[in-house]
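Below are the chains, spelled out letter by letter.
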Amino acid sequence: MEEVASEVNIGRAFDRVASNKGAPGPDRQSIEQVREHRGKILPALSRGLLDGSYRPGDIRRVWIPKAGGGQRGLGIPNVVDRIVQQAMHQVLSPHYEKDFHPSSHGFRPGRSCHTAIAEAQEHLAAGYEWVVDLDLEKFFDTVPHDRLLARLATKISDKRVLKLTRQMLQARVVMPDGLVSATTEGAPQGGPLSPLLSNIVLDELDHEIARRGHRFVRYADDMNIYVRSERAGQRVMASIETFIEKRLKLKVNKGKSAVAKPEGRHFLGFRLKRDAESGDVHVLLSARSKSRIDAKIRDLTPRNWGRSFQACIQALNGYLVGWIGYFGICSPVEEVRRPLQALDAHIRVRLRAIRLRQWKRRKAICDHLVWLGARRPTAAKAVFGGRKSWWALAHTTAVQTVAMPPRWFAKQGLESLAERWRRRHEPATPPDVAPRQLTLALG
């Protein structure tokens, strides 16, 4: 506890919490308010931890939509409670991190979804072409407190830390309607400490799977075990399900778990497919990821967009750059190029419809198309030739090919998913070799 409560550790914890720019908890105290009184709040927090007077506050429950349907509950502690959780994380993590299994990739330094996918590729390339895809039902809401604290006690002997952890786990939850409920199980998502606690719980599962000689990849509560045949997968599914439910006191979601080929499963947004001829393992977009970006593009380009056209492009770019930053690791194959090009084309059509709608009157639309390079007869035929919806007009040759082609959008600053993905995978020219020298070297 002395390590947790040291003013240096508490100060580092505040800086980390502040950098995340989270929302206020139930007490409505913001990060800026804490920053303003940092000189008083942080020393008082340190003293309260050491003398035992500190008590965690309530947790504010918020609901966010899940991609597969339904809602996921997040728990938002007060800012001072997040500081304490982060301070505990900074002290506890080194004690556990060194013993976590290397096939665990979630919420760990130097690891990410991308490292998890890279390891999964290795297993498929080695001939383990069937996956046992395990889904834990409401994992963060059903973690048994006593079992979690028992796991903590194997490395942490300071009872003050264990007591504080229990108090945090049992903090009351304030629902959106104001109803306050007690907490008897679970480790609410949203606090800085919950990712570490979840890894501590599931580390026992990791080492049990490794002890049995299986290859696996886990990211938080998403776990794939790789086997050589469907029959082996069914055996592994049955035995691991028994271990999870009997030993860990957790529950497997049978509706979402399956034994299948990886190319038919969604894992961290991707699906993996081994080429039968070359043996290469390709990283592809999952169907769920495609539907997610389709929905997001519709949200970002509504028909009744009321702000400037450039504001729409900026909002799109903010999302697209982040999206391709994550999904850009998809393999340089046709199965990836085609969907990305289709997404780019779909975005441009929606933007064309928005631009046309902003010009409003037919004459103004025709004049703008001419100004953008369309011949007046072609523009007039597109605009005045029958009653067309904005969507239909956006597909006409005058608009799509002449006035607002892909290169026009590039000049407006619109990011291209396919182009960014292509640049990521094209071979780089060594910086110290001139193009002519490189040509000569290659013959």
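Computed from a predicted structure; not experimentally measured.

Trainee: Explain the packing of aromatic side chains here, please?
Mentor: Tallied over the entire structure, the rule returns eight aromatic pairs. Measuring from ring centre to ring centre gives 5.8 Å for F107 and Y219, while their planes differ by 50°; the resulting arrangement is tilted. Of this pair, F107 sits in the loop between α5 (79-97) and α6 (113-125) while Y219 is found in strand β6 (residues 215-219), placing the two residues 112 residues apart along the sequence. The exposure class assigned to F107 is partly exposed, which follows from its relative accessible area of 43%. When its relative accessible area of 17% is taken as the criterion, Y219 is described as buried. By way of ring pairs, the aromatic residues F270, W323, Y326 and F327 are connected into one cluster. Directly above the ring of W63 sits R61, whose terminal nitrogen or CZ lies 5.4 Å from the centroid.

Trainee: Explanation requested: the state of the cysteines in the structure shown.
Mentor: A disulfide bridge is the covalent bond that connects two cysteines by way of their sulfur atoms. Applying the stated criterion across every chain, the model contains zero disulfides. Considering cysteine sulfurs only, C113 is the nearest to C330, which forms no disulfide, with 13 Å between them. Its relative accessible area of 1% is what places C330 among the buried residues.

Trainee: Would you mind showing me how to read the pattern of salt bridges here?
Mentor: Opposite charge on two side chains lets them pair, provided their charged atoms get close. Evaluation of the coordinates by the stated rule reveals 29 salt bridges. As a salt-bridge pair, E129 and R274 come within 2.3 Å of each other at their nearest N and O atoms. Highlighted residues: E129 in the loop between α6 and β3 (130-135) and R274 in strand β9 (residues 270-274), separated in sequence by 145 residues. One salt-bridge network, held together by shared partners, links E419, R422, R423 and E426.

Trainee: I would appreciate a short explanation of the environment of L124 in the present structure.
Mentor: Structurally, L124 is set in helix α6. Placed 158 residues apart in sequence, L124 and H282 show a C-alpha to C-alpha distance of 9.9 Å. Contacts of L124, omitting those with residues within four sequence positions, involve E129, Y226, P262, L272, R274 and V281.

Trainee: Before we go on, may I ask you to explain the sheet that holds strand β1 (residues 59-65) in this structure?
Mentor: Two modes of strand pairing occur in sheets, parallel and antiparallel, and in both the strands are linked by backbone hydrogen bonds. The four strands lie next to each other as β2-β1-β4-β5, forming an open sheet whose pairing is mixed. Strands at the two margins of the open sheet, each flanked by one partner only, are β2 (71-77) and β5 (180-181). Both strand β4 (residues 173-174) and β5 contribute to a ladder of two bridges, which runs antiparallel. By the bridge assignment for β5, V173 is matched with S181.

Trainee: Got a minute to help me understand a positive patch on the surface in this structure?
Mentor: A cluster of like positive charges, contributed by K66, R72, K138, K256, R288 and R292, occupies part of the molecular surface. Locating K66 in the fold gives a position in the loop between β1 and β2.

Trainee: Please clarify how the confidence of the model for the protein chain should be interpreted in this entry.
Mentor: The predicted coordinates of low-pLDDT regions are not to be read in fine detail. Looking at the protein chain as a whole, its pLDDT mean stands at 91, while 95% of the residues score no less than 70. Here residues 433-443 is modelled with pLDDT under 50, and outside its nearest four sequence neighbours on either side it reaches three contacts, counting other chains as well.

Trainee: Would you take a moment to explain the side chain of S104 for this structure?
Mentor: Checked against the element boundaries, S104 lands in the loop between α5 and α6. If near-sequence neighbours (up to four positions away) are discounted, S104 is found in contact with R111, N199, D206 and R218.

Cut-offs and rules
Residues numbered from 1 in each chain as written. Predicted model: local features only at pLDDT ≥ 70, side-chain atom pairs only at ≥ 80, totals over all residues. Heavy atoms only, no water. Phe/Tyr/Trp six-rings, centres within 6.5 Å; stacked < 30°, edge-to-face > 60°. Helix = DSSP H or I, 4+ residues; strand = E, 2+ residues; numbered from the N terminus. Buried < 20%, exposed > 50% of the residue type's maximum accessible area, 1.4 Å probe, protein only. Lys NZ or Arg CZ within 6 Å of the ring centre and 35° of its normal. Disulfide = S-S within 2.5 Å. Salt bridge = Lys/Arg side-chain N within 4 Å of Asp/Glu carboxyl O. Contact = heavy atoms within 4.5 Å. Pairing = 2+ DSSP bridges. Patch = residues over 30% accessible without salt bridge, like charges linked within 9 Å, V, L, I, M, F, W, Y side chains within 5 Å. Areas by Shrake-Rupley, 256 points an atom, 1.4 Å probe, with all protein chains shown as cover. Lys, Arg positive; Asp, Glu negative; His and termini not counted. Charge placed at Lys NZ, Arg CZ, Asp CG, Glu CD. pLDDT = per-residue confidence, 0-100.

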